[in-house]
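# A look at the structure
What follows is each chain in one-letter form.
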Amino acid sequence: MVEKIAAQETEYTLYYGTFVHTPTLGKLEILKYTLVGVDKSGTIDFMKQDVHNEVQDIGVLSFYKQETKRTVSTSSIKVVDISNEQLKFFLPGFIDTHIHASQYPNLGVGLGCPLLEWLNEYTFPLESSFTENNREEKLAFAQDVYSKVVKKTLVCGTTCASYFATIDADTTRLLADLCLEAGQRAFVGKVCMDDNSVYPEYQEDYDTCVKSMEEVNSHIESINPKSEVLVKPIVTPRFAPVCSRKLLSYLGSLADEKNLPVQTHLSENTKEIELVRTLFPECKNYTSVYDDYHLLKDTTILAHSIHLDNDECNLIQKKGSTIAHCPMSNSFISSGESPVKKYLYKYNINVSLGTDVSGGFKPSILETVKHSILASQHLHMHTKHESFDPRLTVADTIYMATMGGATGVGLQNVVGSFAVGKKWDTQLIELDSSDSNIDIFGWNDRFLDGTKESVIKYYTNLLNIWVFTGDDRNCTKVWCNGRKVIDKSKQGAGMTAINN
Ligand SMILES: Nc1nc2[nH]cnc2c(=O)[nH]1
Ligand SMILES: [Zn+2]
């Protein structure tokens, strides 16, 4: 299922058909009959919209040659043409900005248990098993868990993920290796926590943490080929309640000195917020704990961030940090309904999406999109008196799943939408894939009369059908950095579905 990377030849590829993306917040762009050229390095170097009749007349290759005046041998160019397929479109790959790779074995476990109890009961014990003294055993366990989670997220169209591993250095290095091997763009964080009094079996001392960070970061920096950096380290203080001031200080300096991104949890649960208030009485609020230790940057991802006050929102906006919205987890461990629409439109905060496996029970950003819309509808139902309408649109959520995520990980000029100079991190969505769960009726085709407005209606309906009734079976091909990493046409029917 995950294609062998080394065996693939690099070549120039022309993709022709419908492209859907959200380069700006809340605005869905449907690019019909669009031709995109991707070079050897996986970079989009040609893009021309709305070329129907011209291409029909002379064919994709001749049109490309005529347009670019390039003298290229046609045998070195591959063409992927879906222009006659009304139920297929290219979409930027999803970016999962908050996922705990190590918690994958706990998917679906711990329903309704609130955060602090959930951590002690289910999460810390699981993560501890990655720190066994027997090196072979822990590596075998990690190999199994991490290879499965990387594969599953790719199958779900996630071309880039920001992972939390565990406190263990050996197995965190392995996670980075596995992402690179599968060809997934990834940020890999060794979890840092030196003050876990409620579950002392799972913590490290300050010196061990510093040593592990050095080991993990230099390993990750060494494994990427010079020509393409796919996997990067990310500074990962788990959350303020389990970090000493000394550790937070070190991690803030490390992020500054090495110019590394940061990820952590913020304001997920009301008891957690109380705890932070008691542990850090000198700090103005939870958000300013991170700011006081130089951890709030424009490449900082703050997972959850549900219960923020005005000052905290303004601080996050000022620092340009990103909130990773994790609605599936927020419902599952009953943390709350995040007022994301307000963060996006009132405070101009960048918001991305996170599955938060295993707070979230599916490693799928499409599922997270659904949950984000439904959570916002629930918020609307019981906050009708408020002036701000909290409901998210499909366009808002696709933005968060792609461009918002790209901005969160500092790759807004690299991935997240289709544009010349960006990388080809893309998924092919087919509503009529061979094992699709969607029944298609001709009813929507009445909008295919050719006017711009009707085309928009057609695709708006199509996207809604896909978002609410589709699943990973409709994501049939995935490319990262120009390279095809998933091709479901090459295996037995039904093999990849996780939502059966
Ligand atoms: N959802 C979630 N919240 C956290 N806060 C601190 N650690 C965690 C974690 O593993 N999951
Ligand atoms: Zn989390």
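In the annotation of an unreviewed UniProt entry, the protein is listed under the name Probable guanine deaminase and assigned to Pichia sorbitophila. UniProt annotates the protein under Catalytic activity (unreviewed entry) with the comment "guanine + H2O + H(+) = xanthine + NH4(+)".

## Notes on the sheet that holds strand 13 (residues 300-304)
In spatial order, the strands read 12-13-14-15; together these 4 strands make up an open sheet with parallel pairing. At either margin of the open sheet sits one strand with a lone partner, and together these are strand 12 (262-266) and strand 15 (350-353). For this sheet the average axis-to-axis angle between neighbouring strands, irrespective of direction, equals 30°. The pairing of strand 12 with strand 13 spans 5 bridges and is parallel. Looking at strand 13, one finds that Thr264 is bridged to Leu302.

## Quick word on the environment of Ser454
When you line up the elements, Ser454 lands in helix 15 (residues 452-469). The buried category is assigned to Ser454, whose relative accessible area is 7%. Residues Ser454 and Phe63, 391 residues apart in the sequence, show an inter-C-alpha distance of 27 Å. Look past the residues within four positions of Ser454 in its chain and what remains in contact with it is Phe447 and Asp449. A polar atom in the side chain of Ser454 sits 2.7 Å from the side chain of Thr451.

## Looking at the site of ligand 1
In the vicinity of ligand 1, the contacting residues are His100, Gln103, Leu115, Trp118, Leu119, Thr123, Arg238, Phe239, His265, Glu268, His304 and Asp356. Here a nitrogen atom of ligand 1 and a side-chain polar atom of Asp356 are 2.8 Å apart. With 4 residues, helix 3 (residues 115-128) is the single largest residue contributor to the shell around ligand 1. Along the lines of polarity and charge, the residues of the shell around ligand 1 split into 4 nonpolar, 5 polar and 3 charged.

## Quick word on the pattern of salt bridges
Evaluation of the coordinates by the stated rule reveals 26 salt bridges. Across the pair Arg70 and Asp45 runs a salt bridge whose closest N-O atoms are separated by 3.2 Å. Taken together, the positions of Arg70 in the loop between helix 2 (60-68) and strand 4 (77-81) and Asp45 in strand 3 (residues 44-48) put the pair 25 residues apart, joining distant regions of the chain. Using a relative accessible area of 31% as the deciding quantity, one classes Arg70 as partly exposed. Given a relative accessible area of 25%, Asp45 falls into the partly exposed group. Residue Arg473 pairs with Asp471 through a salt bridge whose shortest N-O separation is 2.6 Å. For the pair Arg473 and Asp471, a shared accessibility class is recorded, and that class is buried. Ionic contacts of the salt-bridge type, sharing partners, join the residues Arg135, Lys138, Asp168, Asp170, Arg173, Lys211 and Glu215 into one network.

## A closer look at helix 4 (residues 135-155)
Between its first and last C-alpha, helix 4 extends 30 Å over 21 residues, near the 30 Å set by a 1.5 Å rise per residue. By the burial criterion, the buried members of helix 4 are Lys138, Ala142, Val145, Tyr146, Val149, Val150, Thr153, Leu154 and Val155. Each element contacted by the buried residues of helix 4 is listed here: strand 6 (94-100), strand 7 (158-164), helix 5 (169-182), strand 17 (475-480) and strand 18 (483-487). Backbone nitrogen of Glu136 and a side-chain oxygen of the N-cap are separated by 3.1 Å at the start of helix 4; the cap is Asn134. Of the residues trailing helix 4, Gly157 is marked for its positive phi of about 90°.

## Here we look at the coordination of the zinc ion (ligand 2)
Taken together, the protein ligands of the zinc ion (ligand 2) are His98 (NE2), His100 (NE2), His265 (NE2) and Asp356 (OD), with distances of 2.0 to 2.3 Å. Classification of the site at the zinc ion (ligand 2) as irregular follows from its 4 donor atoms and the range of 87 to 167° in their angles at the metal. Written as a sequence motif, the donor arrangement for the zinc ion (ligand 2) is H-x1-H-x164-H-x90-D. Separated by 91 residues along the polypeptide, His265 in strand 12 and Asp356 in the loop between strand 15 and helix 13 (365-381) bring together distant segments of the chain. The same class applies to His265 as to Asp356, namely buried.

## What to know about helix 7 (residues 245-257)
The end-to-end C-alpha distance of helix 7 is 18 Å, a good match for the 18 Å that 13 residues give at a rise of 1.5 Å each. Taken together, the buried residues of helix 7 touch strand 9 (191-192), helix 6 (206-223), strand 11 (236-237), strand 12 and helix 9 (286-292). Directly beyond the C-terminal end of helix 7, a positive phi value near 55° is found at Asn259.

## Quick notes on the packing of aromatic side chains
Applying the stated criterion across every chain, the model contains 22 aromatic pairs. Arranged with centres 5.0 Å apart and planes meeting at 80°, the rings of Tyr458 and Tyr459 form a pair that is edge-to-face. Overall, the relative accessible area of 1% leaves Tyr458 in the buried class. In this arrangement the basic side chain of Lys246 is found over the ring face of Tyr206, its NZ or CZ atom lying 4.1 Å from the centre. Across the ring face of Trp443, the terminal group of Arg446 is positioned such that the distance to the ring centre comes to 3.8 Å.

## With respect to the packing of helix 13 against helix 15
Relative orientation and spacing of two packed helices are given, respectively, by the angle between their axes and the distance between those axes. The contact between helix 13 and helix 15 brings their axes to 8 Å, and the two run at 100°. The angle between helix 13 and helix 15 places the two elements in the roughly perpendicular class. Of helix 15, the residues touching helix 13 (which contributes Leu366, Val369, Lys370 and Ile373) are Trp466, Val467 and Phe468. In terms of residue class, the contact of helix 13 with helix 15 is built from 6 nonpolar, no polar and 1 charged.

## Brief notes about the domain arrangement of the protein
Entries for the protein in the domain assignment read domain 1 (12-92 + 417-499) and domain 2 (95-408). Of note, the centres of domain 1 and domain 2, computed from C-alpha atoms alone, are 31 Å apart. Between domain 1 and domain 2, the contact holds 34 residues from the first and 28 residues from the second. Applying the counting criterion to the domain 1 and domain 2 interface returns 2 salt bridges.

## Remarks on empty space enclosed by the protein
Tallied over the entire structure, the rule returns 3 cavities of 30 Å³ or more. Each pocket or cavity is described by its volume, and for the largest cavity that value is around 90 Å³. Together, His100, Gln103, Leu115, Trp118, Leu119, Arg238, Phe239, His265, Glu268, His304 and Asp356 line the largest cavity. No other element matches helix 3, which puts 3 residues into the lining of the largest cavity.

Conventions and cut-offs
Note on numbering: residues in each chain are counted from 1, in written sequence order. By the order in which they are written, chains take letters starting at A while ligands take numbers starting at 1. Per-residue local features are limited, in this predicted model, to residues with pLDDT of at least 70; the limit for side-chain atom pairs, both in listing and counting, is 80 or more; totals at the level of whole chains, interfaces and linings are taken over all residues. Side-chain figures throughout are based on the complete set of non-hydrogen atoms in the structure, without hydrogens or water. UniProt positions are given in the numbering used here, feature names are shortened, and annotations may be inferred rather than shown by experiment. In this description, strands pair whenever DSSP reports at least two bridges between them. Labels follow the DSSP assignment, with helices taken as runs of H or I lasting at least four residues and strands as runs of E lasting at least two, numbered in each case from the N terminus. Angles run from 0 to 180 degrees between N-to-C directions of axes, and those axes are lines fitted to C-alpha atoms, restricted for helices to the stretch in contact. Burial here depends on accessible area, computed with a 1.4 Å probe over protein chains only, as a share of the maximum for the residue type. Under 20% is buried, over 50% is exposed, and the range in between is partly exposed. Note on contacts: a residue pair qualifies if any of its non-hydrogen atoms lie within 4.5 Å across the two residues. For this analysis, a polar contact is any N or O atom pair within 3.5 Å, provided that within protein one partner can donate a hydrogen and the other can accept it, and provided that sequence-adjacent residues contribute only side-chain to side-chain pairs. We call a residue near a given molecule or strand whenever any one of its heavy atoms falls within 4 Å of it. Only Asp, Glu, Lys and Arg are considered charged, only Ala, Val, Leu, Ile, Met, Phe, Trp, Tyr, Cys and Pro nonpolar, and every remaining residue, Gly among them, polar. Whenever a carboxyl oxygen of Asp or Glu lies within 4 Å of a side-chain nitrogen of Lys or Arg, that contact is scored as a salt bridge. Each residue after the first adds 1.5 Å to the expected span of a helix. Coordination here is defined by N, O and S atoms within 2.8 Å of the metal (3.2 Å for Na, K and Ca), and since water is not considered, a site can look incomplete. Any site counts as irregular unless it has four donors with all angles between 85 and 135 degrees, making it tetrahedral, or four or six donors with opposite ones more than 155 degrees apart and the rest between 65 and 115, making it square planar or octahedral. Centres within 6.5 Å are what make two rings of Phe, Tyr or Trp a pair, Trp counting through its six-membered ring; a difference in plane orientation under 30 degrees is then read as stacked, over 60 as edge-to-face, and the rest as tilted. Note on geometry: a ring has a charge over it if NZ (lysine) or CZ (arginine) is within 6 Å of the ring centre and within 35 degrees of the ring normal. Roughly parallel refers to an angle under 35 degrees, roughly antiparallel to one over 145, roughly perpendicular to one between 65 and 115, and oblique to any angle outside these ranges. The source of the domain bounds is an automatic or database domain assignment. With a 1 Å grid laid over protein atoms only, a set of points is called a cavity when a 1.4 Å probe fits there but cannot get out and a pocket when it is open yet has protein on both sides within 12 Å along at least five of seven lines; lining residues have an atom within 4 Å of a point. Grid points are joined across faces, edges and corners, and a volume is the space filled by probe spheres set on the points.

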